[in-house]
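In case you want the letters, here they are:
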Amino acid sequence: MALAKDNNKDNANNTLELPRALSVRELAETLGVGPVEVIKELMRRGIMANINQVIDYDVASAVAAELGFEARPQPIAQQASSVISEIKRQQQSIGEAATLRSRPPVVTIMGHVDHGKTRLLDAIRKAKVMDSEAGGITQHIGAYQVKVGQQKITFLDTPGHEAFTAMRARGARVTDITVLVVAADDGVMPQTLEAIDHARAAGVPIIVAVNKIDKVGSNPDHVKQQLADAGLLCEEWGGDTICVHTSATEGKGIDELLENILLVAEMEELKADPTLLARGVVIEARLDKSRGPMATVLVHDGCLRLEDNIAAGVTYGRIKAMFDNTGRRMRKANPSTPVAVLGLHDIPGVGDPVAAFNSEHEARSFAQRRQSEFEKESRAVSLSSVYDQIKEGEIKELGIVLKVDVQGSLDPIRSSLEKLSTDKVRVNIIRTGTGNVTESDVMLAVASKGLVIAFNTGISAGAQKLADAEKIDIRLYRIIYEMIEDVEKALKGLLAPQVVEVVEGQCEVRAVFPSGKKNRVAGVYVTEGSVTRDAQARVKRDGKVVAQTSVAGLKRFKDDTKSVPAGYECGVDLKDFNDFIVGDIIELFRKQKVK
């Protein structure tokens, strides 16, 4: 029940009206002080309360008096009016559709490796599924539902932010709530921070499970301090992040965690209309040897029924059979229900949208349209293309993953970049960090349709390969003002064409021959692509570049040639370089301008 400060407080004599019961947060708002001040006063009275805990009038009035206010009971009529107003506000937020119903929340569990994500999922499944489902789990379909009283919760059985991000990279908003698992004996680790970044980038509420509290050396308070440093302040410390102590091995805290998930879901007001044709997303897909393409669909809205015509990404079909996670056949799946379906003509991609239609013709047409739409949606953002995409209305936010060499560089660079936001596009720094650009950085850029900017640091080999595959723009800078200038020009459409390297081929030095009095040429075997005359060349020895030059001459046997493809031997003469050693790798490339 929200209290309006101006209506309840008389500024002239510091008197205020309080209801018979209110939360710590509401009392702090009424008094015009921070929640921490109220919690401190409660602790002095021996009351350990979090920000959402409800306290009675006597306790609230005593805290108010300590902080210089005189309290009096709020009239009953006014209390009733406030409650009715709150109910009306909630009803208005639901909308006019009389067929809207509450739906179960969809939850993903994330966190650092070995902090107990899978074990926690197993503990929830054992406690809430195995006992109630005959035969136990007989078929893995990537998700399952648990029952808590009369309510349900859907868990994605793909722990880790990699799977979470892979679906977001395909444009799928699947998860309603993220449970962040942190081991009480280990604390916040790099993958924990990455998981927080991914959840925030997706705009998903976070519940923290402080796990392994049964282990020797566990220190939940230290974990909470680390979380506070990362921007997640637990409720008992005056913040708004729910933290639950759990032990997956002993089953402790499981019920409390599930209850808090339902509480957050209630606050999120998750609604769906089961009378509509189904809309959902593919969370898993594979080829069953005996039954053909099988896809696990998570129904987001509407109801999916047997014999429905559906489109999933760029494929379509008619549902011949549906199964739940226990292998039981189903005739329909309501909102937030995961179900394995048979009948598609091909295997869809994870994260592909699913829609049901009244006819096969409509489903086929949707799949064909989706092919061109997906290509447009997955168009990567780069500094070179950002202005065109702003003009076309494709983006309103430029997401940047920022990596720097030292911590001291972060704040000034971040501040300078964020100031470049315009009325048409906002510069959003979705992650900052020190050290080389990693695969996780690239995946976050993929999921957020952003780019990576690195200052005075490098790129790991895996990250570069992933960026090339996903067409993610990674910009390396050594001077801050050049970085700021490039981003500013990009937002205004004034950025000069970027010069990029296009690798054409690679060869290995197998022999070295004299040529003239002082010169030497390399006898090479072309391992990849091709070698062409006048191409740029980079000589690598033991993984390090020892020279960068160009191809001055190219011979097959004794004849000059313009190009030699992979699988053949030839002689290579490099400009101003003849210090070849057998085993050297020569990489051939060209530089070209990209708009």
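Because the structure is a prediction, the values reported are computed rather than measured.

The rules we used
Position labels on residues start from 1 in each chain and follow its written sequence. Side-chain atom pairs in this predicted model are given and counted only at pLDDT of 80 or more, local residue features only at pLDDT of at least 70, and totals for whole chains, interfaces and linings cover all residues. Values reported for side chains reflect all heavy atoms of the structure, with hydrogen atoms and water molecules removed beforehand. In DSSP terms, a helix is any run of H or I states spanning at least four residues, a strand is any run of E spanning at least two, and both are numbered starting from the N terminus. Throughout, exposure labels follow a simple rule: accessible area from a 1.4 Å probe, protein chains only, divided by the maximum for the residue type, with under 20% read as buried, over 50% as exposed, and the rest as partly exposed. Note on definitions: a residue-residue contact is assigned when non-hydrogen atoms from the two residues lie within 4.5 Å. A pair of Phe, Tyr and Trp rings is counted when the ring centres sit within 6.5 Å of each other, with Trp represented by its six-membered ring. The angle between the planes then sorts it: under 30 degrees is stacked, over 60 is edge-to-face, the rest tilted. At least two DSSP bridges between two strands are required for those strands to pair. Orientation is described by axes fitted as lines to C-alpha atoms, over the contacting stretch for helices, and by angles from 0 to 180 degrees between their N-to-C directions. Directions pointing from the helix axis toward each C-beta atom define the arc. What counts as a disulfide here is a pair of cysteine sulfur atoms lying within 2.5 Å. A residue's pLDDT is the confidence the predictor assigns to it, expressed on a 0 to 100 scale. The working definition used for a salt bridge is a side-chain nitrogen of Lys or Arg within 4 Å of a carboxyl oxygen of Asp or Glu. Every crossover in which the path from the first strand over the helix to the second runs clockwise, viewed with the strands pointing away from the viewer, is termed right-handed. Put simply, buried Ala, Val, Leu, Ile, Met, Phe, Trp, Tyr and Cys residues joined by side-chain atoms within 4.5 Å make one nonpolar core.

Colleague: Help me out: how do you make sense of the overall build of the protein in this one?
Modeller: Within the protein, the regular secondary structure consists of 16 helices and 33 strands. Here the protein, with 595 residues, has 47% of them falling under the buried criterion. Considering only intrachain contacts with a sequence separation of at least 6, the fraction spanning at least 24 residues in the protein is 69%.

Colleague: Help me understand the packing of aromatic side chains in this model?
Modeller: One pair of aromatic rings is described through two measures. These are the centre distance and the angle between the planes. Inspection of every chain in the model, using the stated rule, returns three aromatic pairs. Consider the rings of phenylalanine 357 and phenylalanine 366, whose centres lie 5.2 Å apart with planes at 45°: the pair is tilted. The interplanar angle of 90° and the centroid separation of 5.2 Å between the aromatic rings of phenylalanine 577 and phenylalanine 580 together place this pair among those described as edge-to-face. Look at phenylalanine 577 and you get buried, because its relative accessible area is 12%.

Colleague: What's the story with the sheet that holds strand β18 (residues 315-323) in this structure? I'm lost.
Modeller: For sheets, the rule is that strands pair by backbone hydrogen bonds, running either parallel or antiparallel. One closed barrel accounts for six strands, arranged β14-β15-β20-β18-β17-β21; its pairing is antiparallel. Ignoring strand direction, the axes of neighbouring strands in this sheet form an average angle of 45°.

Colleague: What am I meant to see in helix α3 (residues 35-44) here?
Modeller: An α-helical turn contains 3.6 residues, so any two residues separated by three or four positions project in the same direction. Within the sequence span of α3, burial applies to Val38, Ile39, Glu41 and Leu42. Seen from one end, α3 has its buried residues packed into an arc of 160°, which puts them on one side. Just downstream of α3, glycine 46 is the residue with a positive phi angle, here 80°.

Colleague: Explain the state of the cysteines to me, please; I cannot follow it from the model alone.
Modeller: Here a disulfide denotes a covalent bond joining the sulfur atom of one cysteine to the sulfur atom of another. Inspection of the entire model under this criterion finds one disulfide. Disulfide partner of cysteine 234: cysteine 243, at an S-S distance of 2.0 Å. With the S-S bond torsion at -60°, the cross-link from cysteine 234 to cysteine 243 turns out left-handed. The exposure class assigned to cysteine 243 is buried, which follows from its relative accessible area of 10%. Cysteine cysteine 507 shares no disulfide, and the gap to the nearest cysteine sulfur, in cysteine 570, comes to 6.3 Å.

Colleague: It is not clear to me how unusual backbone geometry should be interpreted in this structure. Could you clarify?
Modeller: Most peptide bonds adopt trans geometry, and most residues besides glycine take a negative phi value. Positive phi, normally seen in glycine, also occurs at aspartate 542, with a value near 55°. Examined against the element boundaries, aspartate 542 turns out to sit in the loop between β28 (536-541) and β29 (544-556). The phi torsion at aspartate 576 lies on the positive side, around 60°, for a residue other than glycine. Tracing the backbone through its elements, the reader meets aspartate 576 in the loop between β32 (569-574) and β33 (585-594). The class for aspartate 576 is exposed, based on a relative accessible area of 75%.

Colleague: Is there a simple way to explain helix α4 (residues 57-66) in this structure?
Modeller: Turning to α4, its buried residues are Tyr57, Val59, Ala60, Ser61, Val63 and Ala64. Among the residues trailing α4, glycine 68 stands out with phi positive, at a value near 90°.

Colleague: Mind showing me how you'd approach the confidence of the model for the protein here?
Modeller: Detailed reading of predicted coordinates is not advised where the pLDDT is low. Predicted confidence across the protein gives a mean pLDDT of 79, with 81% of residues reaching 70 or more. Across the protein, strand β16 (residues 304-305) holds the top mean pLDDT of 94, while helix α5 (residues 76-94) sits lowest at 35. Of the regions scoring below 50 in pLDDT, residues 1-12 engages in 29 contacts with residues more than four places distant in sequence or in other chains.

Colleague: Could you clarify how one ought to interpret the sheet that holds strand β22 (residues 397-404) in this entry?
Modeller: Sheet architecture is open: four strands sit in the order β23-β22-β24-β25, paired in parallel fashion. The open sheet terminates on both sides in strands that have one partner only, identified here as β23 (426-434) and β25 (474-477). Here the average twist between neighbouring strands, direction ignored, is 25°. Pairing analysis gives eight bridges linking β22 to β23, with the strands arranged parallel. Bridge pairing links lysine 403 to glycine 433 in β23.

Colleague: I tried to follow the pairing of β18 on my own but got confused; where do I start?
Modeller: Consecutive side chains along a regular strand alternate between the two faces of the sheet. With respect to burial, β18 is a largely interior element, seven of its nine residues being buried. With four bridges connecting them, strand β17 (residues 309-312) and β18 associate as antiparallel partners. The residue bridging isoleucine 310 from the neighbouring strand is glycine 317, located in β18. Linking β17 to β18, which pair antiparallel, is a turn of two residues; within it glycine 313 sits at a positive phi near 65°. In this structure, β18 lies alongside strand β20 (residues 338-344), joined through four bridges in antiparallel fashion. Looking at the pairing, methionine 322 lines up with valine 341 of β20.

Colleague: What should I look at first to understand the pattern of salt bridges in this one?
Modeller: Oppositely charged side chains can form a pair if their charged atoms are brought close together. Summed over the entire model, instances satisfying the criterion amount to 21 salt bridges. Ionic pairing is found between arginine 590 and glutamate 504, a salt bridge with its closest N-O pair at 2.9 Å. Of this pair, arginine 590 sits in strand β33 while glutamate 504 sits in strand β26 (residues 498-515), and the two are 86 residues apart along the sequence. Under the relative-accessibility criterion, glutamate 504 is labelled partly exposed at 25%. For the salt bridge of glutamate 587 with arginine 538, the shortest nitrogen-to-oxygen distance reads 2.5 Å. In this pair, glutamate 587 is assigned in strand β33 and arginine 538 in strand β28, connecting sequence segments 49 residues apart. When salt bridges with common partners are traced through the structure, they connect Asp197, Lys403, Arg431 and Asp441 into a single cluster.

Colleague: Any chance you could explain the pairing of strand β10 (residues 177-183) here in plain terms?
Modeller: Burial analysis of β10 places seven of its seven residues in the buried class, the great majority of the element. Residues Ile177, Val179, Val181 and Ala183 point to one face of β10 and Thr178, Leu180 and Val182 to the other, with burial holding for every one of them. By the bridge criterion, five bridges tie strand β7 (residues 106-111) to β10 in an arrangement that is parallel. Along β10, the bridge assignment pairs isoleucine 109 with valine 179. Viewed along the sheet, the connection from β10 through helix α8 (residues 190-201) into strand β11 (residues 206-211) turns out right-handed.

Colleague: Mind showing me how you'd approach the nonpolar core here?
Modeller: Nonpolar side chains in soluble globular proteins tend to be buried together. Core analysis: the largest hydrophobic core is formed by 27 residues, its most contacted members being Leu120, Ile124, Ile153, Phe155, Leu258 and Ile261. Of all elements in the fold, only β7, α6 (117-130), β8 (143-148), β9 (151-156), β10, β11, β12 (242-245) and α10 (254-268) reach the threshold of two or more residues within this core. The greatest single-element share of this core, amounting to seven residues, is contributed by α10. Not counting residues up to four positions away in its chain, the partners in contact with phenylalanine 155 are Val107, Ile109, Leu121, Ile124, Gly142, Ala143, Tyr144, Val146, Leu258 and Ile261.

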